[in-house]
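# Observations on the three-dimensional arrangement
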Amino acid sequence: MSTRPFNVLFLCTGNSARSIMAEVLLNSVGHGKFRAYSAGSRPKGEVHPLALELIESNRLPAAGLRSKSWSEFAEPDAPEMDFVFTVCGQAAGEICPVWPGQPMTAHWGIDDPAVVEGDEAHRRGAFFEAFNALQNRLLIFVSLPLAKLDRHLLQRRLDEIGKLSAEDESATNLSDRIRAAGRPLRLNARRRGADPDRAA
């Protein structure tokens with residue numbers, strides 16, 4: 001197991017909101033065990049103002065954030081990624097560059113807050129929901145016992161995190177998520193009438 005931080009790349013189309021927020025959040029909640037980056041297939045060239053506002057209002061570092069192409073991370077001198085996550089459906093469906101190494105990949109789709117219409121409060125609310133959903137998924141991710149999971153089992157956990165619904169994320173507290181991190185996630189199983197102890 002590597003002693004360096006795990007490198008994680010978040011991909012989206014425009015790299016202006018969701019992937020940027022995920023980068024900032026993981027660098028915060030990862031406590032030095034992870035080094036997060038973000039990029040886009042067709043970067044917009046600037047960070048969305050409401051994403052930046054939300055990052056700064058949560059007292060998270062915003063210096064140096066920029067919207068950039070994912071081709072930067074396919075260069076020979078780019079950091080070698082351990083994990084690559086797509087956070088929008090469009091990027092997940094595109095042909096990605098060949099990443100150095102063999103990173104684990106998963107799709108963690110989050111609704112795009114930048115396309116939400118309405119008054120300013122409504123649009124800010126959409127960014128908050130996306131931010132909160134990303135934070136919840138990342139808290140589960142950083143609590144995974146990476147040293148104890150083989151590649152196949154780890155892939156299952158990453159895919160399960162990506163399938164969490166907003167209902168799952170809001171109804172399950174952090175201690176439940178951390179306890180679930182080492183086994184198949186069974187969020188809201190009782191409420192749905194399923195047996196939480198039944199094997200996957």
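Look a little higher up for the structure.
Residues numbered from 1 in each chain as written. Predicted model: local features only at pLDDT ≥ 70, side-chain atom pairs only at ≥ 80, totals over all residues. Heavy atoms only, no water.

## Description of the sheet that holds strand β3 (residues 83–86)
What the 4 strands build is an open sheet, ordered β2-β1-β3-β4; its pairing is parallel. Of all strands in the sheet, those bounded by a partner on one side alone are β2 (34–40) and β4 (104–107). On average, each strand axis in the sheet is inclined to that of its neighbour by 20°, with strand direction left out of account. Where β3 meets β4, 4 bridges bridge the pair, whose relative direction is parallel. Within β4, the position partnered with T86 by the bridge is H107. The strands touched by helix α5 (residues 151–162) are β3 and β4; relative to β4, the strand with the most contacts, the crossing angle is about 25°. (Pairing = 2+ DSSP bridges. Helix = DSSP H or I, 4+ residues; strand = E, 2+ residues; numbered from the N terminus. Axes fitted to C-alpha atoms, helices over the stretch in contact; angles between N-to-C directions. Contact = heavy atoms within 4.5 Å.)

## Concerning the nonpolar core
F10, F83, W108, F141 and L158 are the most contacted members of the largest nonpolar core, which totals 46 residues. Listing elements by their share of this core, those giving two or more residues are β1 (6–12), α1 (18–29), β2, α2 (49–57), β3, β4, α4 (120–143) and α5. Ranked by residue count, the leading element in this core is α4, at 9 residues. Discounting chain neighbours no more than four positions away, the residues touching W108 are F10, F85, T86, V87, R137, L138, F141, L158, I161 and G162. Residues Y37, F73, M81 and V84 belong to the second largest nonpolar core, which totals 9 residues. (Core = buried A, V, L, I, M, F, W, Y, C linked by side-chain atoms within 4.5 Å. Buried < 20%, exposed > 50% of the residue type's maximum accessible area, 1.4 Å probe, protein only.)

## Considerations on the pattern of salt bridges
In total, this model carries 6 salt bridges according to the counting rule given. Across the pair R124 and E53 runs a salt bridge, and its minimum N-O distance is 2.4 Å. Of this pair, R124 sits in helix α4 while E53 sits in helix α2, and the two are 71 residues apart along the sequence. Note that E160 and R157 form a salt bridge whose closest N and O atoms lie 3.7 Å from each other. Here the residue E160 and the residue R157 both occupy positions in helix α5, the gap between them amounting to 3 residues, near one helical turn. You can call E160 buried: its relative accessible area is 19%. Since its relative accessible area comes to 4%, R157 is described here as buried. The network of salt bridges with common partners includes E53, E120 and R124. (Salt bridge = Lys/Arg side-chain N within 4 Å of Asp/Glu carboxyl O.)

## As for the environment of S69
In this fold, S69 is placed in the loop between α2 and β3. Along the chain, S69 and N15 lie 54 residues apart, while their C-alpha atoms are 8.0 Å from each other. If we ignore the near neighbours within four places in the chain, the residues touching S69 are A39, G40 and P43. At 2.9 Å, the side chain of S69 forms a polar contact with the side chain of S71. (Polar contact = N/O pair within 3.5 Å; in protein donor to acceptor, adjacent residues only side chain to side chain.)

## Focus on the packing of aromatic side chains
Going through the model one piece at a time under the given rule, you end up with 10 aromatic pairs. A centroid spacing of 5.7 Å and a plane angle of 35° characterise the contact between F6 and F34, whose relative ring orientation is tilted. Remark: F34 occurs in strand β2 and F6 occurs in strand β1; sequence separation between them is 28 residues. The exposure class of F34 is buried, given its relative accessible area of 6%. Put simply, the rings of F6, F10, F34, F83, F85, W108 and F141 touch in pairs and so form one group of aromatic residues. (Phe/Tyr/Trp six-rings, centres within 6.5 Å; stacked < 30°, edge-to-face > 60°.)

## What about the environment of L134?
Residue placement: L134 occurs in helix α4. Each C-alpha atom of the pair L134 and E23 lies 9.8 Å from the other, and the pair is 111 residues apart in sequence. Ignoring anything within four residues of it in the chain, the contact list for L134 reads R18, M21, A22, L25, V87 and I110.

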